[in-house]
Amino acid sequence: MHPKLISLENQFARSILTKVSAPCLDREQVELWIKRDDLLHPIVSGNKWRKLKYILNHALSLGAIKIVSMGGAYSNHLHALAYIGHRLGLQTEGFIRGEPQSNPTLSDLRRWGMHLHFVSREDYRNLRQYKDWNSLPGIDTGAYWLPEGGSVDLALQGVAELVSEIDILYDVVCCPCGTGTTLAGIIEAVRPGVQVIGFSALKGGSFLKRDVEALLTQPRENWDIVTDYHFGGFARTKPDLIEFIEHFLNETSVQLDPIYTGKMFYGIYDLIEKGFFPAGRRIVAMHTGGLQGNRGFCLT
Ligand SMILES: *Cc1c(COP(=O)(O)O)cnc(C)c1O
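Here is a short report on the structure shown in this document. It should be emphasised that the depicted structure is a prediction, and the values quoted were computed from it without experimental measurement.

## Section: the pattern of salt bridges
Inference 1: The full count for this structure, using the stated rule, is 16 salt bridges.
Inference 2: Among the ionic pairs, Lys53 bridges to Glu9, the shortest N-O distance being 2.9 Å. Residue Lys53 is found in helix α3 (residues 47–61), and its partner Glu9 is found in helix α1 (residues 3–10); the two are separated by 44 residues along the sequence.
Inference 3: For Lys53, a relative accessible area of 6% corresponds to the buried category.
Inference 4: We classify Glu9 as partly exposed; its relative accessible area is 27%.
Inference 5: With its nearest N and O atoms 2.9 Å apart, the salt bridge here joins Arg50 to Glu165.

## Description of the site of the ligand
Inference 1: As a matter of local geometry, the ligand sits amid 15 residues, with Lys48, Asn76, Thr179, Thr182 and Thr288 nearest to it.
Inference 2: One nitrogen or oxygen atom from the side chain of Lys51 is found 2.8 Å from an oxygen atom belonging to the ligand.
Inference 3: At 2.8 Å from an oxygen atom of the ligand is found a main-chain nitrogen or oxygen belonging to Gly180.
Inference 4: In isolation the ligand exposes 380 Å². Once the protein is present, 97% of that is buried.
Inference 5: Mapped by element, the contributors of at least two residues to the shell around the ligand are α3, β7 (172–177) and α8 (181–189).
Inference 6: Among the elements that take part in the shell around the ligand, α3 stands out by supplying three residues, more than any other.
Inference 7: A class-by-class count of the residues in the shell around the ligand yields three nonpolar, 10 polar and two charged.

## Description of helix α9 (residues 206–215)
Inference 1: Buried within α9 are the following residues: Leu208, Val212 and Leu215. The arc enclosing the buried residues of α9, seen along the axis, measures out at 60°, which places them on a common side. Across from the buried face of α9, at angles greater than 90 degrees, the exposed residues are Ser206, Arg210 and Ala214.
Inference 2: Tucked inside the fold, the buried residues of α9 contact α7 (154–164), β7, α8, β8 (195–200) and β9 (223–226).

## Focus: the nonpolar core
One broad trend across soluble globular proteins is that nonpolar side chains are buried collectively.
Inference 1: Grouped together as the largest cluster of nonpolar side chains are 32 residues, with contacts concentrated most on Trp49, Leu56, Ile67, Ile84 and Leu109.
Inference 2: Going through the elements one at a time, α1, α3, α4 (76–88) and α5 (104–111) are the ones with two or more residues in this core.
Inference 3: The leading source of residues in this core is α4, at seven residues.
Inference 4: Excluding its chain neighbours within four sequence positions, the residues that come into contact with Ile84 are Leu8, Val44, Trp49, Leu52 and Leu56.
Inference 5: Core analysis: the second largest hydrophobic core is formed by 30 residues, Val20, Phe199, Ile245 and Ile272 among them.

## Comments concerning α3
Inference 1: The end-to-end C-alpha distance of α3, which contains 15 residues, comes to 22 Å, matching closely the 21 Å that a straight helix rising 1.5 Å per residue would cover.
Inference 2: Taken across its 15 residues, α3 has 13 buried, putting it largely inside the fold.
Inference 3: Two residues or fewer past α3, Gly63 is found with a positive phi of approximately 80°.

## Considering the pairing of strand β5 (residues 115–119)
Inference 1: The pairing of strand β4 (residues 91–97) with β5 spans five bridges and is classified as parallel. Bridging from a neighbouring strand, Phe95 pairs with His117 of β5.
Inference 2: For the crossover that starts at β4, traverses α5 and ends in the parallel β5, the hand is right-handed.

## A few points about the environment of Thr179
Inference 1: Structurally, the position occupied by Thr179 is in the loop between β7 and α8.
Inference 2: Residues within four places of Thr179 in sequence aside, it is in contact with Lys51, Glu148, Gly149, Ser151, Leu208 and Asp211.
Inference 3: A distance of 2.6 Å separates polar atoms of two side chains, one belonging to Thr179 and the other to Thr181.

## Some details on the sheet that holds β5
Inference 1: Read from one edge of the open sheet, four strands run β5-β4-β3-β6, paired in parallel fashion. If you trace the sheet from one side to the other, it starts and ends with β5 and β6 (143–145), each paired once. Across the sheet, the mean angle from the axis of one strand to that of its neighbour is 20°, orientation sign disregarded.
Inference 2: Both strand β3 (residues 66–71) and β6 contribute to a ladder of three bridges, which runs parallel. Its bridge partner lying in β6, Val68 is registered against Trp145.

## Describing the packing of aromatic side chains
Any two aromatic rings considered together are summarised by their centre-to-centre distance and by the angle between their planes.
Inference 1: With the rule as written, the count across this model stands at 14 aromatic pairs.
Inference 2: Seen from their ring centres, Phe12 and Trp49 are 4.9 Å apart, and the 65° between their planes marks the pair as edge-to-face. Of the two residues, Phe12 is situated in the loop between α1 and β1 (17–20) and Trp49 in helix α3; the sequence distance between them amounts to 37 residues. As far as the burial class goes, Phe12 and Trp49 line up, both buried.
Inference 3: One aromatic cluster is present, formed by Phe199, Tyr229, Phe231, Phe244, Phe248, Phe265, Tyr266 and Tyr269 through successive ring pairs.
Inference 4: The side chain of Lys48 reaches across the aromatic face of Tyr260, ending 5.7 Å from its centre.
Inference 5: Note that Lys209 overlies the ring of Trp223, its terminal NZ or CZ placed 5.3 Å from the centroid.

Rules used throughout
- Residues numbered from 1 in each chain as written.
- Predicted model: local features only at pLDDT ≥ 70, side-chain atom pairs only at ≥ 80, totals over all residues.
- Heavy atoms only, no water.
- Salt bridge = Lys/Arg side-chain N within 4 Å of Asp/Glu carboxyl O.
- Helix = DSSP H or I, 4+ residues; strand = E, 2+ residues; numbered from the N terminus.
- Buried < 20%, exposed > 50% of the residue type's maximum accessible area, 1.4 Å probe, protein only.
- Near = heavy atom within 4 Å.
- Polar contact = N/O pair within 3.5 Å; in protein donor to acceptor, adjacent residues only side chain to side chain.
- Areas by Shrake-Rupley, 256 points an atom, 1.4 Å probe, with all protein chains shown as cover.
- Nonpolar A, V, L, I, M, F, W, Y, C, P; charged D, E, K, R; others polar.
- Arc of directions from axis to C-beta.
- Contact = heavy atoms within 4.5 Å.
- Core = buried A, V, L, I, M, F, W, Y, C linked by side-chain atoms within 4.5 Å.
- Expected span 1.5 Å × (residues − 1).
- Pairing = 2+ DSSP bridges.
- Right-handed = clockwise from strand over helix to strand, strands pointing away.
- Axes fitted to C-alpha atoms, helices over the stretch in contact; angles between N-to-C directions.
- Phe/Tyr/Trp six-rings, centres within 6.5 Å; stacked < 30°, edge-to-face > 60°.
- Lys NZ or Arg CZ within 6 Å of the ring centre and 35° of its normal.

No statement about biological role is implied by the geometric values presented.
Given below as structure tokens:
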């Protein structure tokens, strides 16, 4: 590991496990624990550090001076990348989907020195075809290309560390899915017999399943993706979801976001209420962070 990454990670807080108490859990006799990756760092929350760690180590080992990536206008991925790049002394560049605009996330990116290019939806989709670090046409020498969401196999190594930190026995792991990269890392890292469930933040999760399969080093049977809790699509919300997030905060003191973790916990509670999990199951849900994105929503 590059010494710069080690010294950055040394400043991170511990991602603890906390047990949730709620009437539905007692009734159905299941346990729910939260792996608080949102606590790792006030800016670089959760799974974005896990995914970036070994990618950046690779980039640094190649002598890269700049990381180029892509994301939406509220992207947690670009937010983490811009901040870490700033801290490591790496230049960063981001392709942003949509018209030039301003919002708190983009202000942070600019403040941390990320060079922004706003691109049409079509150009943005085209960028998705470039999967390898050196595959983007016309990229500067010394620059390292990182596909959307850090979705490359090196990301799985960092996610495996997240799994290895869980020091209790468990039957089920739940995590929210955007690109499915975090899910793939969990699937590979859990011990045999553990069931892994991804909750899609997007509508139409069938491509997601294929993307996860493509990231896995060997076919696995221990996982599934639930697609019933997207609330209308990526970054869409409904009053029901916002109400759930407020209720969850009051009950547990854990803040969720409406894009990923709110939808997952809503889904977990709904499945528990429906008796989906047999009695005696111990579930660990990954709080992947992402709270900076809440600035795009009217949450209390
Ligand atoms: C990016 C993100 C995800 C999705 O991660 P993938 O690896 O792309 O599936 C989940 N939760 C939060 C909070 C995120 O920011």
